[in-house]
Amino acid sequence: MIRLQKVEKIYRRGAETVRALRGVDLEIHSGEFAAVTGPSGAGKTTLLHIVGCLDTPGRGEVLFDGVSVDGWTDKKLTRLRREKIGFVFQQFYLIPGLSVADNIALPLLFRKQKPDKDRIATLARMVGLENRTRHVPAALSGGEMQRTAIARALVNRPEIILADEPTGNLDSKNSEKIFDILKGLNRSGLTVLMITHNANLAARADRIIRIKDGMVEA
Ligand SMILES: Nc1ncnc2c1ncn2[C@@H]1O[C@H](COP(=O)(O)OP(=O)(O)OP(=O)(O)O)[C@@H](O)[C@H]1O
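As the structure is a computational prediction, the values presented were derived from the model and not from experiment. (Residues numbered from 1 in each chain as written. Predicted model: local features only at pLDDT ≥ 70, side-chain atom pairs only at ≥ 80, totals over all residues.)

**Q** Go over the pairing of strand β4 (residues 59–64) with me, naming the residues and quoting the values.
**A** Pairing between strand β1 (residues 2–13) and β4: five bridges, direction antiparallel. Counted as the bridge partner of Ile-2 is Phe-64 from β4. Pairing of β4 with strand β5 (residues 67–68) involves two bridges; the strand directions are antiparallel. Following the sheet pairing, Leu-63 is matched in β5 by Ser-68. Linking β4 back to β5 in an antiparallel pair, the connection comprises two residues, with Asp-65 at a positive phi of about 45°. (Pairing = 2+ DSSP bridges. Helix = DSSP H or I, 4+ residues; strand = E, 2+ residues; numbered from the N terminus.)

So, in structure tokens, the structure goes:
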């Protein structure tokens, strides 16, 4: 589904240069559940951002279904992200003033599509939030916030979910619940790439991609 070829990423901060990715070759296969692990600063988030076309490599290529996105305009990359990719982040990034239902529907508004109430209700039910749709994020638990974010990530019917430490702010019980939801989505065909520091969760993925010093170690 997605292939990275010799991907390098260098950040420059004043005089300082950080080689965040140093020649990553990687394939994400359709239908798999892959966990990305590795020490802090290894380059995991940078990798996820490049896989998700939120950022571009300094060198190397990213291919979606065999087509390189090298040189694509922001507009074209935005369309690719909207149509194919759902993002889930550790900090949830919900809009405080909007209800759960409106947070879930938000990506549709960006596409100038009218939210379909039944679809939003179905998504809320899928993540166990059918009784919380009118609540604002401040009235939710961390686990509920992340479940809202997952429903939002699904609203455009993506092919892949990219999750950056989705359980990083949650206790073990809620972490399990979030993981089980992602696993369930994967069983129904969605590809999942998830960064995690949780070894127990990583062990339950189909594959572990271990990143160290900007390279795939194993
Ligand atoms: N925007 C940026 N500007 C400068 N340096 C950056 C930037 N983003 C990341 N880095 C650096 O690149 C390296 C890789 O960062 P990255 O966030 O990808 O690591 P990570 O494996 O996700 O770490 P963590 O597990 O702590 O989240 C780090 O040394 C980091 O400080």
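There is more to say, and it comes next.
**Q** Could you give me a rundown of the site of the ligand, with the residues and numbers involved?
**A** All residues adjacent to the ligand are Tyr-11, Arg-13, Val-18, Ala-20, Gly-38, Ser-40, Gly-41, Ala-42, Gly-43, Lys-44, Thr-45 and Thr-46. Listing elements by their share of the shell around the ligand, those giving two or more residues are β1, β2 (16–28) and α1 (44–51). Counting residues per element, the shell around the ligand draws most heavily on α1, at three residues. Residues that form the shell around the ligand fall into these classes: four nonpolar, six polar and two charged. (Near = placed C-beta within 6 Å. Nonpolar A, V, L, I, M, F, W, Y, C, P; charged D, E, K, R; others polar.)

**Q** Provide a residue-level description of the UniProt feature "domain: ABC transporter" (unreviewed entry) in the protein chain, including the pertinent values.
**A** Residues given the UniProt feature "domain: ABC transporter" (unreviewed entry) here are residues 2–218. The distance from the first to the last C-alpha atom of residues 2–218 is 18 Å, and the span holds 34% helix and 28% strand. (UniProt positions renumbered as here; feature names shortened; annotations may be inferred.)

**Q** Can you explain the sheet that holds strand β3 (residues 33–37)? Please cite residues and give values.
**A** Read across the open sheet, the six strands follow the order β6-β7-β8-β3-β9-β10; overall the sheet is mixed. The two strands at the open ends of the sheet, each matched to only one other strand, are β6 (85–89) and β10 (215–216). Alignment of strand β9 (residues 207–212) against β10, held across two bridges, turns out to be antiparallel. Bridge assignment links Lys-212 to a residue of β10, and that residue is Met-215. Strands β6 and β7 (160–164) of the sheet are contacted by helix α5 (residues 142–154), whose axis makes an angle of about 165° with β6. (Contact = placed C-beta atoms within 7 Å. Axes fitted to C-alpha atoms, helices over the stretch in contact; angles between N-to-C directions.)

**Q** Summarise the nonpolar core; cite the residues concerned and give the values.
**A** By size, the foremost hydrophobic cluster in this structure holds 56 residues, and its most contacted members are Val-36, Ile-104, Ala-124, Ala-151, Ile-161, Leu-162 and Val-192. The dominant element in this core, judged by the number of residues it contributes, is α5, at six residues. When near neighbours in sequence (up to four residues on either side) are disregarded, Ala-124 contacts Val-100, Ala-101, Ile-104, Leu-129, Glu-130, Thr-133 and Ala-151. (Core = buried A, V, L, I, M, F, W, Y, C linked by C-beta atoms within 7 Å. Buried ≥ 20, exposed ≤ 12 C-beta atoms within 10 Å, placed from the backbone.)

**Q** Explain unusual backbone geometry to me, and be specific about the residues and the numbers.
**A** Its identity as a non-glycine residue notwithstanding, Lys-112 has a phi of 60°, on the positive side. Of note, Lys-112 is situated in the loop between α3 (100–110) and α4 (117–126). Phi at Arg-157 is positive, roughly 50°, even though this residue is not glycine.

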